[in-house]
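Notes for the structure review
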Amino acid sequence: MDATMNFRSSTSASRPFSIASLARAALPALLLCAGLAQAQVVVTGQWVRATVAQQKATGAFMQIKSPTAVKLVSVSTPVAEVAEVHEMAMDGSVMRMRPVSALDIPAGQTVELKPGGYHVMLMKLKAPIADGETVPLTLVFEGADKMRMSVQVQAAARSPAAAAAAASEGAKDMHGGHGDHKH
Ligand SMILES: [Cu+2]
């Protein structure tokens, strides 16, 4: 109603009119996202290890919590051509990492992706990732009902030295909140 009135009463009203139309069209989708994803899966403490020139791969780390059981099934980012969820596993006496098709996030439990454990591997980096840079990550989760939901986060890049300090901090604290938790 308002949009129509604006359209008629203002000479430059084609913009407000089209924006209002767009907002109306997008509303059901926004409500759906809010109900299924944002209200459910919470990602905190996300960071990416900064890289040096010529380095083509790095890791992204975070804590993930969901009130219902979900699986992290895929990750994407504009800074890398390939993003995979990796686990660390013993291969004989050698610790190696390998891709997993999905990472279980049990209901109500915080799953930590950290150096030496589960992590998101960013490969075929398009450019070096500088300390302090912001890296957007899109995480896709699948619920028990097979419904998929995506969660977008901004991860800050940290230099390897800062990352190492954060990792040892995380190891001392089972919550692994990288200092941003308040107990
Ligand atoms: Cu890896």
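Every value quoted in this text rests on a predicted model; they were computed, and no experiment measured them.

We now examine the overall build of the chain. Helix and strand counts for the chain stand at three helices and ten strands. Traced from its N-terminal end to its C-terminal end, the chain shows the element sequence α-α-β-β-β-β-β-β-β-β-β-β-α. Out of the 183 residues in the chain, the part that is buried amounts to 24%. Intrachain contacts of the chain at a sequence separation of at least 6 include 66% that bridge at least 24 residues.

In this section: unusual backbone geometry. One non-glycine residue, K124, adopts positive backbone phi at about 55°. Of note, K124 is situated in strand 8 (residues 119-125). Owing to 11 C-beta atoms within 10 Å, K124 belongs among the exposed residues under this scheme. With phi around 70°, K146 is a residue other than glycine that occupies positive phi space. One can find K146 in the loop between strand 9 (134-143) and strand 10 (148-158). On the basis of neighbour count, K146 is assigned to the exposed category, with 6 C-beta atoms found within 10 Å.

Now for the pairing of strand 10. Inspection of the sheet shows strand 1 (residues 42-49) paired to strand 10 by three bridges, in the parallel sense. When the sheet's bridge partners are listed, W47 is paired in strand 10 with A156. In the sheet, strand 9 pairs with strand 10 via nine bridges, with the strands oriented antiparallel. The residue of strand 10 that forms the bridge with L137 is V153. Adjacent in sequence and paired antiparallel, strand 9 and strand 10 are bridged by four residues, among which K146 carries a positive phi angle near 70°.

Now for the confidence of the model for the chain. Per-residue confidence for the chain gives a mean pLDDT of 79, with 67% of residues at or over 70. Within the model, pLDDT remains below 50 along residues 1-15, and this stretch shows ten contacts once partners closer than five positions in the same chain are excluded. Ignoring residues within four places in sequence, the model shows residues 33-38, a span with pLDDT below 50, making seven contacts including any to other chains.

Cut-off values and rules
Residues numbered from 1 in each chain as written. Predicted model: local features only at pLDDT ≥ 70, side-chain atom pairs only at ≥ 80, totals over all residues. Helix = DSSP H or I, 4+ residues; strand = E, 2+ residues; numbered from the N terminus. Buried ≥ 20, exposed ≤ 12 C-beta atoms within 10 Å, placed from the backbone. Contact = placed C-beta atoms within 7 Å. Pairing = 2+ DSSP bridges. pLDDT = per-residue confidence, 0-100.

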